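Analysis of the macromolecular model
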Amino acid sequence: MRSIGVMQDSSFDLKGVVILCSETISGRIGPIHAEYWGQGGINPEVRQDSCLLQLIGRDYLFPGESCKAYFRFKFLDHPHFQITVNEKDIIQLFEGGRKLGGFKVEEVLNDKLRQ
């Protein structure tokens, strides 16, 4: 099983549950890896940001499965990308143009994201 490695818990913005869509919905056949870069947004029609998912206790997550994970926005320090997030928000996850799944926020770890 992989550990977080270089990134410490404090370098993540959120903690929650990642839920992948089934193969028939997303079109993705293979799993995502423990450290996965993709796009995500609370209102994805308006904006999607680059983000990192770090699975907790799993090396892979297959379509239709869910697990606990950490979440980090890539460009959060830039003023253009500042957003607010609350517990229980759902961040929709995308891979290219297809919906990959969702991330349900259970804990906001980065105070910059709080409303």
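Attention in this report is confined to the structure presented alongside it. The structure presented is a predicted model; accordingly, all values stated were derived computationally and were not measured. (Residues numbered from 1 in each chain as written. Predicted model: local features only at pLDDT ≥ 70, side-chain atom pairs only at ≥ 80, totals over all residues. Heavy atoms only, no water.)

Here's the deal with the pairing of strand 3 (residues 35-41)
Within a regular beta strand, the side chains point alternately toward one face of the sheet and then the other, so they alternate between its two faces. Which entries qualify depends on this criterion: In this description, strands pair whenever DSSP reports at least two bridges between them. The helix and strand labels rest on DSSP assignments: H or I over at least four residues marks a helix, E over at least two residues marks a strand, and numbering proceeds from the N terminus.
Of the strand pairs in this sheet, strand 3 and strand 4 (residues 49-55) are connected by six bridges, and their pairing is antiparallel. In the strand pairing of strand 4, Glu-35 is matched with Gln-54.

Details of unusual backbone geometry
Phi is positive for Lys-88, close to 80°, though the residue is something other than glycine. Looking at the element boundaries, Lys-88 is found in the loop between strand 6 (66-73) and strand 7 (90-95).

Considering the environment of Glu-23
The following threshold applies: Whether a residue is buried, partly exposed or exposed follows from its accessible area with a 1.4 Å probe, protein chains only, as a fraction of its type maximum: under 20%, in between, or over 50%, in that order. When checking whether two residues touch, look at their non-hydrogen atoms; a contact exists if any pair is within 4.5 Å.
With respect to the helices, strands and loops of the structure, Glu-23 is situated in helix 1 (residues 23-26). Classification of Glu-23 as partly exposed rests on a relative accessible area of 43%. Residues Glu-23 and Gly-64 lie 41 residues apart in sequence; the distance between their C-alpha atoms is 7.2 Å. Ignoring sequence-local partners within four residues, the contact set of Glu-23 consists of Arg-28, Ile-29 and Pro-63.

Here we look at the pattern of salt bridges
Short version of the rule: Here, a salt bridge means any Lys or Arg side-chain nitrogen found within 4 Å of an Asp or Glu carboxyl oxygen.
Inspection of the entire model under this criterion finds four salt bridges. When the shortest N-O distance is used, the salt bridge between Glu-95 and Arg-28 registers 2.2 Å. In this pair, Glu-95 is assigned in strand 7 and Arg-28 in the loop between helix 1 and strand 2 (32-33), connecting sequence segments 67 residues apart. Of the two residues, Glu-95 and Arg-28, neither departs from the other in class, the shared state being buried. The residue Arg-58 makes a salt bridge to Glu-65 at a minimum N-O spacing of 2.6 Å. One network of salt bridges, in which partners are shared, links Arg-28, Glu-95 and Arg-98.

Examining the pairing of strand 7
Examined bridge by bridge, strand 3 and strand 7 share three bridges and lie antiparallel to one another. The partner of Gln-39 across the bridge, within strand 7, is Phe-94. Across six bridges, the pairing between strand 7 and strand 8 (residues 98-108) is antiparallel. Counterpart to Gln-92 in the pairing with strand 8 is Gly-102. Between the end of strand 7 and the start of strand 8, which pair antiparallel, lie two residues, with Gly-96 showing a positive phi angle near 65°.

Here's the deal with the sheet that holds strand 4
Threshold: In this description, a line fitted to the C-alpha atoms serves as the axis of each element, helices being fitted only across the stretch in contact, and the angle between N-to-C directions of two axes falls anywhere from 0 to 180 degrees.
Spatial strand order, 1-6-4-3-7-8: six strands in a closed barrel with antiparallel pairing. Strand-to-strand twist in this sheet, taken as the mean axis angle between neighbours without regard to direction, amounts to 45°. Across five bridges, strand 4 lies against strand 6 in antiparallel orientation. Residue pairing across strands places Leu-55 opposite Ala-69, the latter belonging to strand 6.

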